[in-house]
Structures are given as C-alpha cells and as structure tokens.
Amino acid sequence: MENQSPILDIKNLCISYYTRAGEIPAVVDFSLEVKQGETIGIVGESGCGKSTVAMAIMQHMGANGGIKSGSIKFKGRDMTQMSAEELRQLRGSEIAMIYQEPFASLNPSLKISTQLMEVPLTHESISVDEARQRTIQILADVKLPDPERILNSYPHQLSGGQQQRVVIAMGLLSNPALLLLDEPTTALDVTVEAGIVKLIADISKKYGTSQIYISHNLGLILETCDRVFVMYSGEVVEEGTIDSLFTWPRHPYTHGLFGCIPLPTADKNAAPLKPIRGQLPLPFERPQGCYFGPRCDHFVQGRCDGEHVEMEQIKGSAADHRARCLRWNEIEIDAEIPEGAAKAAIEVGKRVLEVKKMKKYYEVVNNSFNAIISGNRVRQVKANEELNFIAHEGETVAIVGESGCGKSTFAKVLMGLETGTDGEIIHKGNEISEIPVKSRSSGQISSLQMVFQNPFDTLNPSQTIGSQISRVIKMFDIEKNKDKIYEMVMKLLDTVKLPRDFYYRRPRQLSGGQKQRIGIARAFAGNPSMVIADEPVSALDVSVAAAVTELLMEIQREHKTTLLFISHDLSVVRYLSDRVVVMYLGQIMERGDTDQIFSPPYHPYTEALLSAVPIADPEVNKREIVLEGNIPSPLNPPKGCPFSTRCHRRIGEICDSQPPPDQLAAERHVIKCHIPLEELEKIEPVISIPDASARIRKPETVSQ
Amino acid sequence: MNAQFLLGKIIRSVITLWITVSLAFVLLRLAGDPAEALIPPDAGPEVVEYYRVKWGFDKPIHVQYFKYFGALVRGDFGFSLHTGKPVHDIVFQKVPNTLLLGGTAFLIALFVGIPLGVLAALKRNSLIDRVVMSFSVFAFAMPNFFFGLLLILSAAMIFHTFVGAGELTFWSLILPACTLGLANVGSLARFTRSTVLETLNKPFMAAALAKGVGMSRRIVHHALPNAAIPIVTLLGLSLGGLIAGSVVTETVFGWPGVGSLLIRAVQTRDLGVVQFIVLMVASTMTAVNLMVDLLYLVIDPRIRVK
Ligand SMILES: Nc1ncnc2c1ncn2[C@@H]1O[C@H](COP(=O)(O)OP(=O)(O)OP(=O)(O)O)[C@@H](O)[C@H]1O
Ligand code: SF4
Ligand code: SF4
Ligand SMILES: [Mg+2]
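Residues numbered from 1 in each chain as written. Chains lettered and ligands numbered in written order. Predicted model: local features only at pLDDT ≥ 70, side-chain atom pairs only at ≥ 80, totals over all residues. Heavy atoms only, no water.

Listed as interface residues are 22 residues of chain B and, on the opposing side, 30 residues of chain A. Across the chain B to chain A interface the summed buried area is about 2,300 Å²; carbon plus sulfur atoms make up 61%. When the shortest N-O distance is used, the salt bridge between E118 of chain A and K211 of chain B registers 2.8 Å. Taken together, the links from chain B to chain A amount to 13 residue pairs in polar contact (both at pLDDT 80 or more). Put simply, the parts of the chain that give the side of chain B that touches chain A at least two residues each are α1 (3-30), α9 (203-210), α10 (215-253) and α13 (301-304) of chain B. Broken down by element, the side of chain B that touches chain A gets its largest block of residues, six residues, from α9 of chain B. Residues belonging to the side of chain B that touches chain A are distributed by class as follows: eleven nonpolar, seven polar and four charged. (Contact = heavy atoms within 4.5 Å. Buried area = accessible area lost by both parts, 1.4 Å probe. Salt bridge = Lys/Arg side-chain N within 4 Å of Asp/Glu carboxyl O. Polar contact = N/O pair within 3.5 Å; in protein donor to acceptor, adjacent residues only side chain to side chain. Helix = DSSP H or I, 4+ residues; strand = E, 2+ residues; numbered from the N terminus. Nonpolar A, V, L, I, M, F, W, Y, C, P; charged D, E, K, R; others polar.)

Moving on to the environment of V400 of chain A. Residues and elements named next belong to chain A. Along the polypeptide, V400 turns up in strand β15 (residues 396-400). With 142 residues separating them along the chain, V400 and F258 place their C-alpha atoms 23 Å apart. Those residues within four positions of V400 in sequence are excluded, and the remaining contacts are K407, S567, H568, L570, V573, V580, V581, V582 and M583.

A few words on unusual backbone geometry. All names here are of chain A. The linkage connecting P600 with the following residue, P601, adopts the cis geometry, with an omega of 0°. Along the chain, P601 turns up in the loop between α20 (594-597) and α21 (604-612). Of note in this structure, Q59 is not a glycine but carries a positive phi near 60°. Mapped onto the fold, Q59 is located in the loop between α1 (50-58) and β4 (65-74). Backbone geometry places K497, a non-glycine residue, at a positive phi of 60°. Mapping K497 onto the fold places it in the loop between α16 (482-495) and α17 (512-524).

This part takes up the site of ligand 2. Surrounding ligand 2, one finds H251, P252, C290, G293, C296, H298, F299, C304, C325, L326 and R327 of chain A. Along the lines of polarity and charge, the residues of the shell around ligand 2 split into seven nonpolar, three polar and one charged. (Near = heavy atom within 4 Å.)

Now for the nonpolar core. All names here are of chain A. Judged by nonpolar contacts, the single largest core of 135 residues is most densely connected at L116, F246, I469, L493 and I520. No other element matches the eight residues that helix α7 (residues 190-207) contributes to this core. The contacts of L493, once residues within four sequence positions are left out, are I469, L498, P499, R500, F502, Y503 and I518. With 41 residues, the next largest nonpolar core counts L8, L32, A56 and M82 among its residues. (Core = buried A, V, L, I, M, F, W, Y, C linked by side-chain atoms within 4.5 Å. Buried < 20%, exposed > 50% of the residue type's maximum accessible area, 1.4 Å probe, protein only.)

As a further point, take helix α6 (residues 127-141) of chain B. Residues and elements named next belong to chain B. Compared with an ideal rise of 1.5 Å per residue, which puts 15 residues at 21 Å, α6 spans 21 Å between its outermost C-alpha atoms and is within 8% of the ideal. Taken together, the buried positions of α6 are D129, V132, M133, S136 and A139. Angular distribution of buried residues about the axis of α6 spans 130°; they occupy a single face of the element. Those residues of α6 that are exposed and aimed more than 90 degrees away from the buried face are L127, V131 and A141. Buried-residue contacts for α6 involve α5 (87-122) and α8 (170-200). (Expected span 1.5 Å × (residues − 1). Arc of directions from axis to C-beta.)

Take the layout of surface pockets next. Approximately 1,000 Å³ is the volume found for the second largest pocket. Among the secondary structure elements, those contributing two or more residues to the lining of the second largest pocket are α1 of chain A together with α5, α8, α9 and α10 of chain B. Per-element accounting of the lining of the second largest pocket gives the leading share, four residues, to α9 of chain B. When its residues are assigned to classes, the lining of the second largest pocket shows 17 nonpolar, seven polar and five charged. (1 Å grid on protein atoms, 1.4 Å probe; cavity = no way out; pocket = protein on both sides within 12 Å on 5 of 7 lines; lining within 4 Å. Points joined across faces, edges and corners; volume = space filled by probe spheres on them.)

Another point: the site of ligand 1. Residues and elements named next belong to chain A. Lining the immediate surroundings of ligand 1 are 16 residues, of which S46, G47, K50, S51 and T52 lie closest. Within the side chain of S46, a nitrogen or oxygen atom sits 2.5 Å from an oxygen atom of ligand 1. Separating an oxygen atom of ligand 1 from a backbone N or O atom of C48 is a distance of 3.3 Å. Protein contacts shield 71% of the accessible area of ligand 1, which totals 640 Å² for the unbound molecule. For the shell around ligand 1, the elements supplying multiple residues, two or more each, are β1 (8-19), β2 (22-34) and α1. Sorting elements by how many residues they give to the shell around ligand 1 places α1 first, with three residues. Partitioning the shell around ligand 1 into residue classes produces five nonpolar, eight polar and three charged. (Areas by Shrake-Rupley, 256 points an atom, 1.4 Å probe, with all protein chains shown as cover.)

All names here are of chain B. On the surface, a cluster of nonpolar side chains totalling about 510 Å² of accessible area is made up of L7, I11, I15, W18 and I19. Structurally, I15 can be placed in helix α1. For I15, a relative accessible area of 42% translates into the label partly exposed. (Patch = residues over 30% accessible without salt bridge, like charges linked within 9 Å, V, L, I, M, F, W, Y side chains within 5 Å.)

All names here are of chain A. If you trace the four strands from one edge of the open sheet to the other, you get β14-β13-β16-β17, paired in antiparallel fashion. Every other strand in the sheet has two partners, leaving β14 (378-392) and β17 (430-431) as the edge strands with one partner each. Across five bridges, the pairing between strand β13 (residues 351-365) and strand β16 (residues 422-427) is antiparallel. Across the sheet, the residue bridging to L353 is H427, located in β16. In the packing of helix α12 (residues 407-415) onto the sheet, the strands contacted are β13, β14 and β16, and the crossing angle to β13 comes to about 115°. (Pairing = 2+ DSSP bridges. Axes fitted to C-alpha atoms, helices over the stretch in contact; angles between N-to-C directions.)

Remember that the coordinates give geometry; whether it matters functionally is a separate question.
Rendered as structure tokens:
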C-alpha cells in the first residue's frame, strides 16, 4: 500500500464561482490523495464546498464555475489539461459520480434500460444484447429484484430506494476506478439508507473501487470511510484516518461538531449538546487569519487573526493526521467536558393529551380505466390506525418513524388541519379530534402550537419579523395594547436568543437557523400547553440544529410545555425525549419510556431502526441488521403485521395473515408483535457503549 | 391519464364551443338589421320587410336562436344571404387555401423557431444567442399586417412582381406564409430557448455528462424529449394565433382563403357565412387543444403509465 501511486491526486486546488456580485472563492487550497481501493470521506456543513470539489473532479463546474489554480491528477494525468474528448472518455468509464438526489439524476423521459445501457454502449464497442446482459447482471448486484421489470420502467415508477440502487448500478456499470458519491443517501429513509450504505461498501470491496464519499453526517462517514477530510468554509481544517480523527480530533471545529451531535452517551439533562456559536461565514466574508476564529473558544487575538493558518502535522498521532489550527498543541480539548453544563430534569406534571383509538383514513379516488371498469375506484389509505398514547405536562414525547408512517398526519389531526376519522383526542379535557382549526377557539389554538420542518415555507417574505409575531399575538387575543404587544415580541426575541433589532428584519435576511428560531417564537407566543415540532431541525446544519434543539428544550423546561417531537432520527429522539412512540405504516409498533425503547425487549422494527442510525463514535458497538426491500405503499399495506414484508425476525405465516397483539412488556411499555415477550427479552442490545469517560482519548499506538 | 379527465376535457370543449357560437349569434344580431344592410338602399321598405320576414329577422331573437340551433343539430348550417348557396359550400371551397397558407406558416414556425431556440440555448450568451433573441423580440412585436406590407413592397422592388392579386403562385404563398409564421417563430424561439435552458440545468443532464455521454446525444436524447412537453403546449396555443392572424394576412395579401371570405362576409353582413366560420374556427381550436392533451400521453411517460 505504501509505495503505490495514488489513483487521484489533487494539489492546491482553488475553485471560484463568478457571479454578478463578484468572484466567490468556494474552495481554497484543497489537496487530497486517493489510493487504490481506499474510501475517502469529505464531511462538512452545507456550503462548505463539498459538492464543488466533486464537480471539479468531474471537470463539470457549470456555467459560472472555474478552477483557478492547482491540479487534479487522475492516474498521473492532469485532468485540468485534458481535452473535452479525453474527459468524456474518462467520465462514466474511469470516474463515475452518484449525485445528491437520485430521482433528479434520472431522466424522467427515458426508460431505465436506455439510461443504463447507454453507459457501456458509449464506452465500449459491444452489442446492444451484451449491454443488456451486463445491465441485468449489475441490477442483480445492487439487489434489485426482477431486473427485467426495472429495465422496462420509467424512473417515476420506482421507489426512492430503488431509484438510488439504479443510480448506483449506473455508476458501477463500467467498473470505474474512482466513484464519487455526493450525499448518496440523504434523501432516503434510515433503514433504506443502511441497506444502500452496506451495498456500496460490499460492491466497492468486490471490485476494488476507490471512493470519495461526501456527507454531512459524521456517523455515516465513520461507517463507510478509511480516511476523512473535515471541510470548513472552503478549506480542509483537519484530515486523518477514521481512527485518529474520531478518537482524537485536534481542530476545535471538528471537536465542536462532535459536541453538536447526540451520541448515545449524551443526555439532555446530565450532558446536553454544546452547539458551536455563530454560523459558517459566506465565502466573501471570511475573516482574517483562521476562518473558524469568530466561532472558536480558543481564539487568541493577535495570533489567530494574523496570517492565514496552514495545515500542520499532528505529532504523536497517525502519520497522516493534520489540522489547520495554530494552537492544536496547546489547547486542552480533552480536559474539558465536551458537552454543555448539566441541567436539572423537569418534573412531569398532569395529563395534557390523551389519544384514544385515534384513526385517520384518507380516501383516494383512482380514475384509471382499470379501476373504473372493476368498480374499485375508492381506496382507503389508513394513515393512522388506532393510535393510543398519553402525554403529560413538561414531558417530551417523540414520535419516530420513516416516511409514510403517518407522523405528519397525526400532527395535522392534532392541529385541526384535518379531522380524525374515528377515536378521540383529549386535550386539556376537550375532545378535539373532530374540531377543525376554523372552529377552534383562539384559546384552543394558541395552547396547541406547531413548529414546522421547513422554516422557509412558513414565514411571509414580505413582512417584517416583528409584525409577523405581533399578528400571532393579536390573533390569539393575548394582548390588544400596541405597546404591550411590542414588549412581548421583544421578550420573545430574547427567549429565542435573537437580537432585538431582528424585529425590523425580513425573512430573507435570516439564516435557516434564525428562521427556525422565529418559528419557535411564534409557536410559543401564546404560551401553549403543548407544542408539536415536526422534524424541526432536519433541514438545518448540525451546528445550527444543536443550537435550535437546545433552545427548544430550554424554553420547554421554562414553560413546562409538553413537547411532541416528530422525527425519523433515533439519536436525537434518544437524546431529548422522555417517552417514545415508534410508528410504522400508520400503526404504533412500540411505545414506552425512552430507556425501555432503547433496550431489550425491542420490537423488531425498533431494533432495526436502532441499528440503521449511524453513530459517530468508533467505540460504540452496533449489531448490524439490514432490512431487505422498501417500505410498502400505505395504499396497499400488508394484511397481518405491517412490518412483515421486511421483518428480520418474522416467525411465519401468522405474521402475514394476522394483526399482531399489543403485548404489555412493562407498565406503559407496549410492543405489537407475535413473538412472545420472553423471546423478545432474550435479544441482545443493539448498541453497546463501553465506558463513557473513554469516549475521546489519545490513540494508544502512536506511529510516526 | 384517465377516462374521467378526458371526458371532462371533452365536455368543457363542447361548452366552450356552444358559448362562442351563441355569443357570435347574439352579437351579430345586436349590431343592427342585416336586411337593411343587404338590400340596396333604393329598394322600398316593403322589399326590406319582405326579406326580413323571409330570413326570419322579424322574430324575437330567442326564437331565431332556437331555430338556428335546431338546424345546426340537423346538419343544416344555413344559407348565404348574398348568394343563397349553402354556407358550408361557400366556406369549404376556401378551406384548402387557408389550410395551405396556415400549414406552410406553421411549418415555417416549427422548422425555424425550434432550431433557433435550441441553438440560442446551446450558445447561451454568445453573439448567436443575442441575435436570435433580438430577432424574436422584433418578430413578436411587429404587427402582422405591417410586416406583410413590408414584404409586399420589398418583393415588388426586388423582383418586380406584385403579389396580392389573388392568384396562386409560389410567391403569393410564401410571402403571406412568412408573414404569418414570423410572429410564431419569435415566440416559439424564445420559449424553446428558455425550456431547453431549463432542461439543460437539470441534474439528470449533469448525470448524463458524468456517464460520458457525448454532447449531441445528450441534447437530442436526454434534453429535447423533456423540453418537448411544454413546447407542444405552446404549439397548440399558437395554432389559435395562426388562425386569427390568417384573417389579417389573407386580406393584406388578397389570398383567397377563409380569412378574406370572413372579412367580406362581415362587411356585407352575410350572417350565415360569418356564423359558420366562427363555428368552424372554434371547433378547430377546441379540437387542437384536445389533441395537445392527447399528445402529452405520447411524449410524457409520467402521464402515460400509471
Ligand atoms: N453555481 C454557483 N454560483 C455561485 N456560487 C455557488 C455556486 N454553487 C455553489 N456556490 C457557492 O459555493 C460554496 C460551496 O458550495 P457547495 O455546493 O460546494 O457546498 P456543499 O458543501 O456541497 O453544501 P451542501 O452540503 O449544502 O451540498 C457555497 O458558498 C455556495 O453558495
Ligand atoms: S487557529 Fe485559533 S481560532 Fe483557529 S481554530 Fe485554532 S485556536 Fe481556534
Ligand atoms: S409480528 Fe411478525 S412480522 Fe411483525 S414484527 Fe413481529 S415477528 Fe416481525
Ligand atoms: Mg452538496
């Protein structure tokens, strides 16, 4: 391995975009080497330049991008000097790329067969039949059942997971030496993601493909890569082997990232998340000296804001561990507690919400010729089937599940945006499941508020922040006096930790995290007894997400609000919730206290979900469970247990034909499964954590 | 696509048709007494009265209306007040000429507009792009008749021939066809350019490039089928413009088509003829719209396969 010349060698690459506002130096002085069979991870927050690097390697920068300086050598030849035809021959045959959005990278007007077969047909002189054989072979390799049917389909006829497999197959068809993957699983559900990640790893091992794996998810990088590059504002701030970098991060930014993600050892009271303050500077507002300076706790005036900081070898670590920090040697990152300061747990009070046998069915009218002829036009989607649970004052109840499981439908019924089909929802003593929001009193509305996933959609772009919050206060009849309303808005801005002069700003002048804070301020304006947060941080970057999560927890703690936290991310859920409801295809598969959910007995789906979530901690051991197949369509759910088509513990015919019973594992811990409790109790824990104190340590074996 | 959708479309088309024809009927009758306009002024009032009764203009308008529709349903489109011949005979005689003119104009729009648009998109921000775009703005903004007159004058000056005498020669066809096609070339080129540009910026185009697919195949096989969907819509809409434009153009060039006939019939208040042309044009338009919808089935797999 040592003397082997690298497949890809990037040296001092600078890439700029040229816009009307001027030049945007998106990537500065980027160097990277990829050896045969190696998987390199590039991790960093949105806008740090990850995709730009990938596009530069493909030599396709779009209309306004360009490489300013530096070289990209592929197998010894500089790609920046190649002709268009030479590049065309490389692309798709030697270097393949898998893009961020699988659906978008498939052409909607062409059959899958055309799109796949075109790869070998362009690069090799083979017949159409041979090309077809090859494609069928590769589709089997990416574990797509029934390749013939897939080949004859158009992209929109496939599910997200299938599309992503097709895209991967497309990348692998010509057996490239280098595969670039730009967030290949971001758009997928976690259990599907886990399957794809394993697939990519298996296949590249089989063919010896080198990979560059781009992701914002440290956990995913840990699971897939050999070496990792951490990017910040257009440059690499730290690089090293997975082992050295994850166990002994030296750059304050890398270290800060670990403090932002809820590892299984984090706990919202004892060891809360520690967000990095501030936000990523835009390429043209980078500070003098260290780009991370304004956000760094170890910033020293006169040193860190002087000359631009160079990459430096980390002595005492693995040979290729480097960081871009002047003070890596002096600062005692290890000595401080990585997480924020401990806080007292809140007491759980009286019952605020009770959901009894709540059902929500949607009717879908099918107008195809077939349906009209067969008279089968109206079908039911059982978005929620017999939901039961209770939430108390000050409690955080998480609803977890993947796409289509009915989380958001439930939130809509709670909010009165839809009415329930059957059953009851009792909020503060009133039955509300059948009262649409229009007929709810302003008191009822203000006491049940929501924070939405996408802060961008919910703010009116033409009004100032202040007037939008004031309007909410007026609408809820909380206050009529103008001056008092102004006072209240100011207080709310304080609460969500935004400067008071944001009153006069408009939404477009705000970053994503700031908009989400406004969303929280609006939700809390009427002092609600319950707030529903539907994936409130999943659109945000890790460092911003941590800050918003902490803020939400803090306000909740202060106001003793009941928080209904809807998420697909079990690590966040484990971190902040008291109770967890696990949903699959409209049904609750398991519910219980957080501790009960995260330790055996598990429902098989919970178990798989736990295993699917990547954890950015090399010392945590995880049992691997990879589910086959995709989540079934809610239009056509399995007859018996909804999970039966994918369950790894399926016990037989009974799972397919009979709905499983609710088994009481402990008080308020219910598991819906045919497997007897005694059996479930014998299951090993999915995640095992060695010793919490040994989480970040210096590697014992020092090689230099 | 499904049956209900299609049925809805058809019903809507029929209603549109009915409203157009009724509106034309009422408006034509409100605009004054046709008998007075048709009969020479020196004829006595009894003559006018005689014809008024004969043509039924003495009856209340709703009676006339029901009578007209009753006849329509039976396939009787009425007679020309002028010549007494069945209107469909008169009009259908002129239809081939108009089709010839409209068809040529449409082909010109198609084969000039679309390639120009694609070219401009591919050579974005280049000189070619700017020339094409300026031309299309010019073509779009120029009134039909004005451009027609310009053409006639230039032809007269250059070739020393005068078109517009009503005879059917190559030149007498090509000039009005260009005039008529030009406005559509402009809008079509501009629209094609923007759709193609939009398609070229789609991620699947970058993906095709990453596969090493060559430039020409990327454009012809990957980009154009996707860009075609909105372009077909515009083509359907521009057929309407073509018909409207043909009225003016035919008159300017003296082209013996339905447009000229319509103008003449309006001038002489030959109600039956006007009415029939309105009916025919409206039917063509709705049929074209329906066809565009059906064409989607062919080119957009997302609608086709469900
Ligand atoms: N076509 C463009 N024109 C101008 N600026 C651009 C363009 N594309 C990207 N940028 C800027 O370049 C920087 C790097 O962008 P890039 O897309 O590489 O980030 P990224 O790390 O891939 O982010 P994400 O995680 O959101 O995909 C950003 O500041 C971005 O705003
Ligand atoms: S150089 Fe200074 S500001 Fe930058 S990361 Fe190191 S200590 Fe922080
Ligand atoms: S009932 Fe059967 S299929 Fe469903 S989770 Fe239990 S074992 Fe799996
Ligand atoms: Mg990106």
